[in-house]
Amino acid sequence: MIAKRYETKLENADVKDVCAILDSKLANTSPEEVVDYIAFAIDTIDGQIERIKAAQKRLTQLKKDAEEQKEIIKIGGAKWLQEAGIDKLKGLATSSMTIYTPAEEKTVVIDNKDALINAGYFKQVLDTTAVKKAILADEKVEGAHIEITHKEAQLKINKMKG
């Protein structure tokens, strides 16, 4: 049997309200039903997050496709004007279009990484992992310290198998 999905009151509540809602729920049902109620609310939000992620992927692809089509039209339009011997054309709604060639793109291609490193073309990067390990191992490290961020207790949902 498939469980019926519905929205709980928890999806839009703040921490104080969550506690009040759960107290009210517990007054009318068993603790096991309250656990299921909490898990359902979290599952509902997880579903929303997954749908948002999927929509973001689709929108990203649509944006990429639109940008590619825009470039195709600009290149095709320029080629069409060039073939007609026109480098600038005025429109009725558009002030004008001009053919131009964008600046060349210059990209570095590494042929021999070791030779470049030996020639001094490198930078040093601080190893924060090693610094953290040293501090946690009670070594004295000048210029760094550990900050601890305390977090509130949270629920971990363990789903039943099967």
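Chains are numbered independently. Their residues run from 1 in the order of the written sequence. Only residues with pLDDT of 70 or above have their local features reported here, since the model is predicted, and side-chain atom pairs are shown and tallied only from 80 upward, although totals for entire chains, interfaces and linings are computed over all residues. Note that the side-chain values use all heavy atoms of the structure and ignore hydrogens as well as water.

Draft legend 1. Fine view of the packing of helix 1 (residues 15-28) against helix 2 (residues 31-83). It is the contact of helix 1 with helix 2, at a shortest axis distance of 8 Å, that shows an interaxial angle of 140 degrees. The angle between the axes of helix 1 and helix 2 places the two elements in the oblique class. Relative to helix 2, helix 1 is oriented so that their crossing is right-handed. Contacts between helix 1 and helix 2 pair I21, L22, K25 and L26 from the former with P31, V34, Y37 and I38 from the latter. Each residue is assigned to one of three groups, with Ala, Val, Leu, Ile, Met, Phe, Trp, Tyr, Cys and Pro labelled nonpolar, Asp, Glu, Lys and Arg labelled charged, and all others, Gly among them, labelled polar. Each residue belonging to the contact of helix 1 with helix 2 can be placed in one class, and the counts come to seven nonpolar, no polar and one charged. Only the stretch in contact is used when fitting a helix axis, every axis being a line fitted to C-alpha atoms; angles between N-to-C directions are given from 0 to 180 degrees. Secondary structure elements are taken from DSSP: a helix is a run of H or I of four residues or more, a strand is a run of E of two residues or more, and numbering for both begins at the N terminus. For classification, angles of less than 35 degrees are called roughly parallel, those exceeding 145 degrees roughly antiparallel, those between 65 and 115 degrees roughly perpendicular, and all remaining angles oblique. Put simply, a crossing is left-handed when the front helix is turned counterclockwise from the back one by less than a right angle, and right-handed when it is turned clockwise. Whether two residues touch is decided by their heavy atoms; if any such pair falls within 4.5 Å, the residues are in contact.

Draft legend 2. Just the side chain of E11, in detail. Structurally, E11 can be placed in the segment before helix 1. Given a relative accessible area of 12%, E11 falls into the buried group. If we ignore the near neighbours within four places in the chain, the residues touching E11 are A41, T44 and I45. A simple rule labels every residue: compare its accessible area, found with a 1.4 Å probe on the protein chains alone, to the largest value its type can have, and call it buried under 20%, exposed over 50%, or partly exposed in between.

Draft legend 3. Region of interest: the layout of surface pockets. As defined here, a cavity is a set of points on a 1 Å grid over the protein atoms alone where a 1.4 Å probe fits but cannot get out. A pocket is an open set with protein on both sides within 12 Å along at least five of seven lines, and residues line them when an atom is within 4 Å of a point. Grid points are joined across faces, edges and corners, and a volume is the space filled by probe spheres set on the points. The volume enclosed by the largest pocket comes to roughly 510 Å³. Lining the largest pocket are 15 residues, and of these V15, V18, I38, I42 and L155 lie nearest its centre. If you list the elements that add at least two residues to the lining of the largest pocket, you get helix 1 and helix 2. Looking at the lining of the largest pocket residue by residue, the class counts come to 12 nonpolar, one polar and two charged. Around the second largest pocket, the lining is made up of 14 residues, and of these K74, I75, A78, T98 and Y100 lie nearest the centre. Counting residues per element, the ones that place at least two in the lining of the second largest pocket are helix 2 and strand 2 (97-98). For the lining of the second largest pocket, the element with the highest residue contribution is helix 2, accounting for eight residues. Each residue belonging to the lining of the second largest pocket can be placed in one class, and the counts come to 10 nonpolar, two polar and two charged.

Draft legend 4. How the structure looks around the nonpolar core. Ranked by size, the top nonpolar core spans seven residues in total: L10, I21, L22, V34, Y37, I38 and A41. Contributing elements (two or more residues each) for this core: helix 1 and helix 2. Here this core gets four residues from one element, more than from any other, and that element is helix 2. Apart from residues no more than four positions distant in its own chain, L22 is found in contact with L10, V34, Y37 and I38. What is meant by a nonpolar core is a set of buried Ala, Val, Leu, Ile, Met, Phe, Trp, Tyr and Cys residues, joined one to another through side-chain atoms within 4.5 Å.

Shape descriptors only; they carry no functional weight alone.
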